[in-house]
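Residue-level listing of the chains:
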Amino acid sequence: MATVDVAAWVREFAALIDAHADELTALDAAIGDADHGTNMQRGMAAAVAALSDSTPETPAEVAKQTALVLIRTIGGASGPLFGTFFLRFAAAVESGSDITDFARAFRAGLDGVIARGKAEPGDKTMVDTLGPAADALDKAVAGGADAAAALDAAVAAAAAGRDATTPLVARKGRASYLGERSAGHQDPGATSAALLVAAARSALR
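Every chain is numbered on its own, with residues counted from 1 as its sequence reads. A pLDDT threshold of at least 70 governs which residues receive local features in this predicted model, and a stricter bar of 80 or more applies before side-chain atom pairs are shown or counted, although totals over entire chains, interfaces and linings include all residues. Hydrogens and water molecules were not included; the side-chain quantities draw on all heavy atoms of the structure.

Colleague: Sorry if this is basic, but what is going on with the overall build of the chain here?
Modeller: Helix and strand assignments come from DSSP, with helices taken as H or I runs of at least 4 residues and strands as E runs of at least 2, each series counted from the N terminus. From N to C terminus, the chain includes 9 helices and 0 strands. Tracing the chain from N to C terminus, the helices and strands come up as α-α-α-α-α-α-α-α-α. The quantity called the radius of gyration is restricted to C-alpha atoms. Its globule counterpart is 2.2 Å times the number of residues to the power 0.38. Relative to the compact-globule value of 17 Å for 205 residues, the chain shows a C-alpha radius of gyration of 16 Å, a close match. Principal-axis analysis of the C-alpha atoms gives the chain an extent of 45 × 40 × 30 Å. The cut-offs for exposure are 20% and 50% of the maximum accessible area for each residue type, with area from a 1.4 Å probe on protein chains only; residues under the lower value are buried, those over the upper are exposed, and the others partly exposed. Residues counted as buried form 51% of the 205 residues belonging to the chain. Surface accessibility of the chain: about 8500 Å² in total, with carbon and sulfur atoms responsible for 53%. Positive charges are assigned to Lys and Arg, negative charges to Asp and Glu, while His and the chain termini are left out of the count. Working definition for charges: the position is that of NZ of Lys, CZ of Arg, CG of Asp or CD of Glu. Averaged over its 18 positive side-chain charges, the chain has a centre that lies 5 Å from the centre of its 25 negative ones. Residue-level accessible areas treat just the shown protein chains as cover; the underlying method is Shrake-Rupley with a 1.4 Å probe.

Colleague: Just checking my understanding: could you explain the nonpolar core for this structure?
Modeller: For soluble globular proteins, the rule of thumb is that nonpolar side chains tend to be buried together. We call a set of buried Ala, Val, Leu, Ile, Met, Phe, Trp, Tyr and Cys residues a nonpolar core when their side-chain atoms join them within 4.5 Å. Grouped together as the largest cluster of nonpolar side chains are 59 residues, with contacts concentrated most on Trp9, Phe13, Phe86, Phe102, Phe106, Leu130 and Leu137. Those elements that place two or more of their residues in this core are α1 (3–19), α3 (36–53), α4 (59–73), α5 (78–92), α6 (99–117), α7 (127–142), α8 (147–164) and α9 (188–204). The element that contributes the greatest number of residues to this core is α9, accounting for 9 residues. In this structure, Phe13 is in contact with Met40, Met44, Phe82, Ser192, Leu195, Leu196 and Ala199, ignoring residues within four places of it in sequence. Should any heavy atoms of two residues lie within 4.5 Å, those residues are counted as being in contact.

Colleague: Looking at this structure, I do not really get helix α2 (residues 21–31). What am I missing?
Modeller: Structural remark: α-helix, 3.6 residues per turn; residues separated by three or four positions point the same way. Taken together, the buried positions of α2 are Ala21, Leu24, Thr25, Leu27, Asp28 and Ile31. One face of α2 carries all of its buried residues, which in axial projection span an arc of 160°. The arc in question is traced by the directions running from the helix axis to the C-beta atoms.

Colleague: Quick question: what am I supposed to make of the packing of α2 against α9 here?
Modeller: Fitted lines through C-alpha atoms serve as axes, helices being fitted only where they are in contact, and the angles separating the N-to-C directions of these axes extend from 0 to 180 degrees. Relative to each other, α2 and α9 sit at 160°, their axes nearing to 9 Å. When the axes of α2 and α9 are compared, the pair comes out roughly antiparallel. Each of Glu23, Leu24, Leu27, Asp28 and Ile31 in α2 lies in contact with α9, whose residues at this interface are Pro188, Thr191, Ser192 and Leu195. For this classification, under 35 degrees means roughly parallel, over 145 means roughly antiparallel, 65 to 115 means roughly perpendicular, and everything else is oblique.

Colleague: Sorry, what's going on with a nonpolar patch on the surface here?
Modeller: On the surface, a cluster of nonpolar side chains totalling about 210 Å² of accessible area is made up of Leu68, Ile71 and Leu87. In this structure, Leu87 sits in helix α5. Residues enter patches when their relative accessible area tops 30% and they take part in no salt bridge; the joining distance is 9 Å for like charges and 5 Å for the nonpolar side chains Val, Leu, Ile, Met, Phe, Trp and Tyr. By convention in these notes, a salt bridge is any Lys or Arg side-chain nitrogen within 4 Å of a carboxyl oxygen on Asp or Glu.

Colleague: Got a minute to help me understand the pattern of salt bridges in this structure?
Modeller: Using the criterion set out here, one finds 7 salt bridges in the structure. Asp135 is the salt-bridge partner of Arg107, the closest N and O atoms lying 2.7 Å from each other. Residue Arg107 is located in helix α6, and its partner Asp135 is located in helix α7; the two are separated by 28 residues in the primary sequence. Arg171 serves as the salt-bridge partner of Asp123, at 2.6 Å between the closest nitrogen and oxygen. With Asp123 in the loop between α6 and α7 and Arg171 in the loop between α8 and α9, the pair connects residues that are 48 residues apart, well separated along the chain. Here Asp123 falls in the buried class, since its relative accessible area comes to 5%. Connected via shared salt-bridge partners are Glu94, Asp101 and Arg104.

Colleague: Sorry if this is basic, but what is going on with the packing of aromatic side chains here?
Modeller: Both the distance between ring centres and the angle between the ring planes are used here to describe each pair of aromatic rings. Working definition: a ring pair exists when centres of Phe, Tyr or Trp rings (six-membered ring for Trp) sit within 6.5 Å. Plane angles under 30 degrees give stacked, over 60 give edge-to-face, the rest tilted. Enumeration according to the criterion identifies 10 aromatic pairs in this entry. Ring centres of Trp9 and Phe86 lie 5.5 Å apart, and the angle between their planes is 55°; on these two criteria the pair is classed as tilted. Of this pair, Trp9 sits in helix α1 while Phe86 is found in helix α5, placing the two residues 77 residues apart along the sequence. Centre to centre, the rings of Phe85 and Phe106 are 5.2 Å apart; their planes meet at 75°, and the pair counts as edge-to-face. Note that Phe85 is positioned in helix α5 and Phe106 in helix α6, a separation of 21 residues in sequence. An aromatic cluster of three or more residues is present, and its members are Trp9, Phe85, Phe86, Phe89, Phe102 and Phe106.

Colleague: For this particular structure, what's the right way to read the layout of surface pockets?
Modeller: A 1.4 Å probe that fits but cannot get out identifies a cavity on a 1 Å grid over protein atoms alone, an open set with protein on both sides within 12 Å along at least five of seven lines counts as a pocket, and a residue lines either if it has an atom within 4 Å of a point. Grid points are joined across faces, edges and corners, and a volume is the space filled by probe spheres set on the points. The calculated volume of the largest pocket comes to roughly 580 Å³. The wall of the largest pocket is formed by 27 residues, among which Ala77, Ser78, Leu81, Gly173 and Arg174 lie closest to the centre. At 3 residues, the largest contribution of residues to the lining of the largest pocket is made by α5.

Spelled out as structure tokens, the structure:
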């Protein structure tokens, strides 16, 4: 996994966020503050601009720079959570790494999100997307899958996890204030997290 691959992942994530910004905002309008799409757009645009303005030399430096930009520019809980994901990813990733190392770093990112947000599977958060994706990556890697197959499995698991948030009652974040009324709505954070996984497949496979 070269530095340019992680940079490509960030750029592809930004492109997907931009393409789905209206959807993310509509989802957030139902159970949140109606600003998830615009917040994510702003943060990812800043992350891409930072890549253009600097020359990080390692995958870890790309991920760390991205983390700090997201924490600084994305409002609400999403900035700290996505930022923590990339910070923990940065601490675990190695230069010249393969899909096995990516899976380990992805798991570290997930663990950081869980620690920061205090969320568990079933709470109707991005953990419900990232957790299944990490599990799928680990299973694929353990079975000897190549990068393309492992990332395909992660994308499918992330999409299933995202969709599974719809009937859940939110137990974390702004949506939790709605109680039972949060059921029946797809979680916006889980949706943007699924785009993060999809971007990895596009950029890294």
